[in-house]
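Next come the chains, spelled out residue by residue.
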Amino acid sequence: MAQVVIIGGGFAGVWSAAGAALARGERDLRITLIAPGERMVLRPRLYEPEPGLATVELRRILDPIGVEHLRATVSEIDTARRVVVADGQEIPYDRLVLAAGSELVRPRDLPGAERLFDIDTLAGAQRLADRLRGRADCSVVVVGAGFTGLEAATELAARGRVLLVDQATVVGEQLGPEPREAIESALDELGVERRLATTVTEVGDGYAALSDGTKVEADAVVWSAGMRANRLTRHITGSLDHLGRIPVDRHLRALPEVFAAGDTAAAPYDAGHTVTQSCQHAVPLGKVAGYNAAADLLGVPSRDFTPGPYVTCLDLGGAGGIFTRGWDRKVMATGAHGKEIKRQINQAIHPPVDDAAKILAAADDVYLDLPFFPR
Ligand SMILES: Cc1cc2nc3c(=O)[nH]c(=O)nc-3n(C[C@H](O)[C@H](O)[C@H](O)COP(=O)(O)OP(=O)(O)OC[C@H]3O[C@@H](n4cnc5c(N)ncnc54)[C@H](O)[C@@H]3O)c2cc1C
């Protein structure tokens, strides 16, 4: 029997599996998802105080739709022979979907780098939560004032003193100028100190040294600067974009037998933009890549990738949230309203479980089901 193999059990991998199952219908096709863990990790929620709650058992999504889960880590993809090597075992594929996600870019030569904390993975977020648990009025340095660093800093502000450090001269540089004033006022409200045009030069026991020559107290230094696509992308092509992603066409195809989805895929969003490394794009990318991988084998027409309107929603802890719309990130909601939208998004990103009809219906719809996402 022909086989679709999906690498990754995050948003893109799970939705690829559901997309492939949707295209398969009652026909014969084996669909196998390879991921090392038993759980799908909802990475956008890892800044929360109890990150262990931000997971879903993979079997509750995959079993009802007849997708096999191979618990293994892929170390090699041989596109000439159409096999992947997972924990030393060769798995053949007819169509492959690479959905192995992204990872934090860690500093190479920083003295004390082994002491850094992060909220990039469940293990990292749990290590940080364990470190701070039970400590009253702790001091934390967050390195990187981008999306993740801002969410971490504002959440941690409820626990004590937070210093936000960034090489850039402004906070949220990549978010653009539109939401900056609202972000600045939230940081002021929460007492989050900023040290801009600055970086960390050493992490020691209970302190961080900064490039401005100062040394600050730190129970934890949280690194949140930079993301890069999983290294398996290099097994598909040598032509990766600046984030290490594979260029794909509007059907999300990279090679005749290989598709890419989620944080590994540089898919066209519109004439002027490429998708972002975000859950918002990983979900529809997965749905379309998985569908097309199976459709290709079954002689069913492919689907185009047509994502919904681009939005961002930043959680600012006790200062609420900011919801923006469009690539210029026009601010649509702040404060309690922004926070309520974030709460709804954090609920909506949970895939349906235990019910094949609901999972397949969601796979058939590339929009996240939110009341404020116009269709
Ligand atoms: C703290 C934080 C906050 C974020 N907030 C937001 C937000 O507010 N909005 C938003 O849209 N996005 C947000 N993101 C980004 C979002 O989480 C990612 O873009 C999204 O998780 C990408 O989905 P993915 O399936 O491509 O990858 P991932 O979710 O990273 O999943 C990758 C999967 O591949 C598996 N895998 C990796 N390597 C291998 C291998 N060698 N073999 C087999 N399996 C492998 C992993 O185990 C995992 O199951 C946030 C991310 C973080 C870390």
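Residues numbered from 1 in each chain as written. Predicted model: local features only at pLDDT ≥ 70, side-chain atom pairs only at ≥ 80, totals over all residues. Heavy atoms only, no water.

S.K.: When you look at the domain arrangement of the protein in this model, what are you seeing that I'm missing?
M.R.: Domains assigned within the protein are domain 1 (3-103 + 227-309) and domain 2 (106-223). If you average the C-alpha positions of domain 1 and of domain 2, the two centres end up 31 Å apart. Contacts between the two partners involve 12 residues from domain 1, matched on the other side by 11 residues from domain 2. The contact between domain 1 and domain 2 buries some 920 Å² in all, and 60% of this surface belongs to carbon and sulfur atoms. Sorting the residues of domain 1 by area buried against domain 2 places Leu46, Tyr47 and Pro51 first, and these three jointly supply 55% of that buried surface. Arg43 serves as the salt-bridge partner of Asp120, at 2.6 Å between the closest nitrogen and oxygen. (Domains from an automatic or database assignment. Contact = heavy atoms within 4.5 Å. Buried area = accessible area lost by both parts, 1.4 Å probe. Salt bridge = Lys/Arg side-chain N within 4 Å of Asp/Glu carboxyl O.)

S.K.: Teacher, can you tell me more about helix α7 (residues 335-348) here?
M.R.: Structurally, the α-helix is built with 3.6 residues per turn, so residues lying three or four positions apart point the same way. With 14 residues, α7 ought to run about 20 Å at 1.5 Å a step, and its terminal C-alpha atoms sit 20 Å apart, in line with that. Among the residues making up α7, those that are buried are Gly338, Ile341, Lys342, Ile345 and Asn346. Down the axis of α7, the smallest arc covering the buried residues is 140°, so these residues share one side. In α7, the exposed residues that point more than 90 degrees away from the buried face are Ala336, His337 and Gln347. Those residues of α7 that are buried are in contact with α4 (147-156), β25 (311-315), β26 (321-325) and β27 (330-333). (Helix = DSSP H or I, 4+ residues; strand = E, 2+ residues; numbered from the N terminus. Expected span 1.5 Å × (residues − 1). Buried < 20%, exposed > 50% of the residue type's maximum accessible area, 1.4 Å probe, protein only. Arc of directions from axis to C-beta.)

S.K.: Please clarify how the sheet that holds strand β2 (residues 30-35) should be interpreted in this entry.
M.R.: Either a parallel or an antiparallel arrangement is found when strands of a sheet pair, and the pairing is made through backbone hydrogen bonds. Ordered by their spatial adjacency, 6 strands build an open sheet running β5-β2-β1-β9-β21-β20, and the pairing between neighbours is mixed. Because the sheet does not close on itself, it has two edges, and the strands there are β5 (68-71) and β20 (253-255). Each strand axis lies, on average, 25° off the axis of its neighbour in the sheet, ignoring direction. Where strand β1 (residues 3-7) and strand β9 (residues 95-98) come together, 4 bridges link them in parallel fashion. (Pairing = 2+ DSSP bridges. Axes fitted to C-alpha atoms, helices over the stretch in contact; angles between N-to-C directions.)

S.K.: Is there a simple way to explain the sheet that holds strand β16 (residues 215-217) in this structure?
M.R.: With antiparallel pairing, the 3 strands of this open sheet are ordered in space as β14-β15-β16. The sheet terminates laterally at β14 (200-204) and β16, the two strands that pair on one side only. With direction set aside, neighbouring strand axes in the sheet form an average angle of 20°. Of the strand pairs in this sheet, β14 and strand β15 (residues 207-210) are connected by 4 bridges, and their pairing is antiparallel. Bridging across to β15, Gly204 finds its partner in Tyr207.

S.K.: I tried to follow helix α1 (residues 11-24) on my own but got confused; where do I start?
M.R.: With 14 residues, α1 extends 20 Å between its outermost C-alpha atoms, agreeing within 8% with the 20 Å of an ideal straight helix rising 1.5 Å per residue. Burial within α1 is extensive, with 13 of its 14 residues counted as buried. Once α1 ends, the next one or two residues include Gly25, with phi positive near 55°.

S.K.: What's the story with the site of the ligand in this structure? I'm lost.
M.R.: Near the ligand, the surroundings consist of 32 residues, among which Ala12, Arg43, Val74, Cys279 and Lys342 are the closest. Between the ligand and Ser278 there is a distance of 3.1 Å, counted from an oxygen atom to a backbone nitrogen or oxygen. Coverage of the ligand by the protein chains reaches 87% of its 1,000 Å² of free accessible surface. Elements that contribute at least two residues to the shell around the ligand include exactly α1, β2, α4 and α6 (279-298). Across the shell around the ligand, the residue classes break down as 16 nonpolar, 12 polar and 4 charged. Split by domain, the residues of the shell around the ligand number at least three in each of domain 1 (3-103 + 227-309) and domain 2 (106-223). (Near = heavy atom within 4 Å. Polar contact = N/O pair within 3.5 Å; in protein donor to acceptor, adjacent residues only side chain to side chain. Areas by Shrake-Rupley, 256 points an atom, 1.4 Å probe, with all protein chains shown as cover. Nonpolar A, V, L, I, M, F, W, Y, C, P; charged D, E, K, R; others polar.)

S.K.: I would appreciate a short explanation of the packing of α1 against α6 in the present structure.
M.R.: Axes are the key here: two packed helices are described by the angle between their axes and the distance separating the axes. Where α1 meets α6, the closest approach of the two axes is 6 Å, and the angle between their N-to-C directions is 35°. For α1 against α6, the interelement crossing comes out right-handed. On α6, the residues that touch Phe11, Ala12, Trp15, Ser16, Gly19, Ala20, Leu22, Ala23 and Arg24 of α1 are Cys279, Ala282, Val283, Gly286, Lys287, Ala289, Gly290, Tyr291, Ala294, Ala295 and Leu298. Residues of the contact of α1 with α6, tallied by class, amount to 14 nonpolar, 4 polar and 2 charged. (Left-handed = near helix turned anticlockwise from the far one by under 90°.)

S.K.: I'm lost on the pairing of strand β8 (residues 89-92) in this one. Help?
M.R.: Walk down a regular strand and you will see the side chains alternate between the two sheet faces. With 4 bridges joining them, strand β7 (residues 83-86) and β8 adopt antiparallel strand pairing. When the bridges of β8 are listed, Val83 appears paired with Pro92.

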